[in-house]
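These are the residues of each chain, in order.
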Amino acid sequence: MKTAAGAQAPGGAGPRERGLCVLCGLPAAGKSTFARALGRRLRQERGWAVGVLSYDDVLPDVPVDPEGARPPPSQWKMLRQELLKYLECFLTAVINGCQMSAPPDRTEAIWENFITCLKDQDLLFSSALDAPFHYLLAKTAVSRPLFLVLDDNFYYQSMRYEVFQLARKYSLGFCQLFLDCPLETCLQRNGQRLQALPPEVIYTMGRKVERPNPEKNAWEHNSLTIQSPACSSETSLEVTDLLLTALENPVKNVEDNMEQKEMDRIICSTNILHKADQTLRRIVSQTMKEAKDEQVLPNNLKLLAEELNKLKAEFLEDLRQGNKYLCFQQTTDLSDVTSFFCNEKDNIVQKYFSKQH
């Protein structure tokens, strides 16, 4: 079992160790229950300052499309990025040892939920009455190792990569915990909730989820998959070791030639998006030709075309908004995109072909 390093910050203000932990998995996998238990254990056993940030509690309710796995990508991405902006406000206050001020361009409901979340975990408290939008850091937030656990589905790599970028920007520790829960268990638990998601949402997310892949993505090397609901004491030790490793090995802030890298990424993204559009159009066209050859009824042909075009539009929107495949690959090979699209396409086609028999 590792021990905390305990390095001191300049001026004796407290430990330098600060980290971000992404807790991801399907809805109803048990993430929030696990996060609360983890926070209590780390405070009691390690003496750390811990902030569990549940996106369900902080972000406002957003209508869920029963045909998809999330709200419109642009809307959901905007909310996620706004919350990360507030988290960055808190981190800069901790790092600089100063009070935190409310950003002028905030969404009041999200900001208040964020502040309440930090206050409830003894990380922050309000300043004087004559400064209502200024907040003072609790002593624990600056005098002890600090870990912030972000609890959400994070089912795309791009969602988790945004958090990694924040860790890199401020040289923080970074790690990921993936709560692996059987789909049927998630559906059963979801059905017992007062505000249950449509089952289609969980099914779709189960097909789309991109698990941490350290072999493919170097930035995901501090990752651990946990079986839910069977979390043993041995698992607790593994989790603690992962967090300690992250604290002791913060992400290096590499800024060399960042402007050129960003320009290259934009050019690469635009080229891949164009190629993906052409490729998916050909696949849809070929599929419709095969359906006609199979003598699918005209009415079913129309419905099939609508579903395939909707699927194509969703994939292209994912690529535009979330850069799902673009940020993490060093190649313009579209095989991953087309393979994933064909799997989804086959599920749709099977319904219409089977109606003919």
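For the protein, the name recorded in an unreviewed UniProt entry is Phosphoseryl-tRNA kinase, with Sciurus vulgaris as its organism.

(A) Geometry of the packing of aromatic side chains. Taken as a whole and judged by the stated rule, the model has 14 aromatic pairs. Centre to centre, the rings of Trp48 and Phe147 are 6.1 Å apart; their planes meet at 25 degrees, and the pair counts as stacked. Here Trp48, found in the loop between helix H1 (31-46) and strand S2 (49-54), pairs with Phe147, found in strand S6 (residues 146-151); they are 99 residues apart in sequence, far enough to count as distant. In terms of burial, Trp48 and Phe147 fall into one category: buried.

(B) Just the sheet that holds strand S1 (residues 18-24), in detail. If you walk across this open sheet you meet the five strands as S2-S6-S1-S7-S8, and the pairing is parallel. Each edge of the open sheet is held by one strand with a lone partner, namely S2 and strand S8 (223-227). Adjacent strand axes in the sheet meet at a mean angle of 20 degrees, parallel and antiparallel pairs treated alike. Sheet contacts for H1: S1, S2, S6, strand S7 (173-180) and S8; angle to S2, the most-contacted strand, approximately 170 degrees.

(C) Region of interest: H1. In a regular helix each residue adds 1.5 Å, so 16 residues correspond to 22 Å; H1 covers 21 Å between its end C-alpha atoms and thus fits that length. Of all the residues in H1, the buried ones are Lys31, Phe34, Ala35, Leu38, Gly39, Arg41 and Leu42. With its phi angle positive at about 75 degrees, Gly47 sits one or two positions after the end of H1.

(D) Here's a closer look at the pairing of S7. Of all eight residues in S7, eight are buried; the element is thus mostly enclosed. Side chains Gly173, Cys175, Leu177 and Leu179 project from S7 onto one buried face, and the interleaved Phe174, Gln176, Phe178 and Asp180 project onto a second face that is buried too. Of the pairings in the sheet, the one linking S1 to S7 comprises six bridges and is parallel in character. Within S7, the residue paired with Cys24 across the bridge is Phe178. In terms of strand pairing, S7 meets S8 through five bridges, oriented parallel. Bridge pairing in S8 places Leu179 opposite Ile226.

Here is what the cut-offs are and how they apply
- Residues numbered from 1 in each chain as written.
- Predicted model: local features only at pLDDT ≥ 70, side-chain atom pairs only at ≥ 80, totals over all residues.
- Heavy atoms only, no water.
- Phe/Tyr/Trp six-rings, centres within 6.5 Å; stacked < 30°, edge-to-face > 60°.
- Helix = DSSP H or I, 4+ residues; strand = E, 2+ residues; numbered from the N terminus.
- Buried < 20%, exposed > 50% of the residue type's maximum accessible area, 1.4 Å probe, protein only.
- Pairing = 2+ DSSP bridges.
- Axes fitted to C-alpha atoms, helices over the stretch in contact; angles between N-to-C directions.
- Contact = heavy atoms within 4.5 Å.
- Expected span 1.5 Å × (residues − 1).

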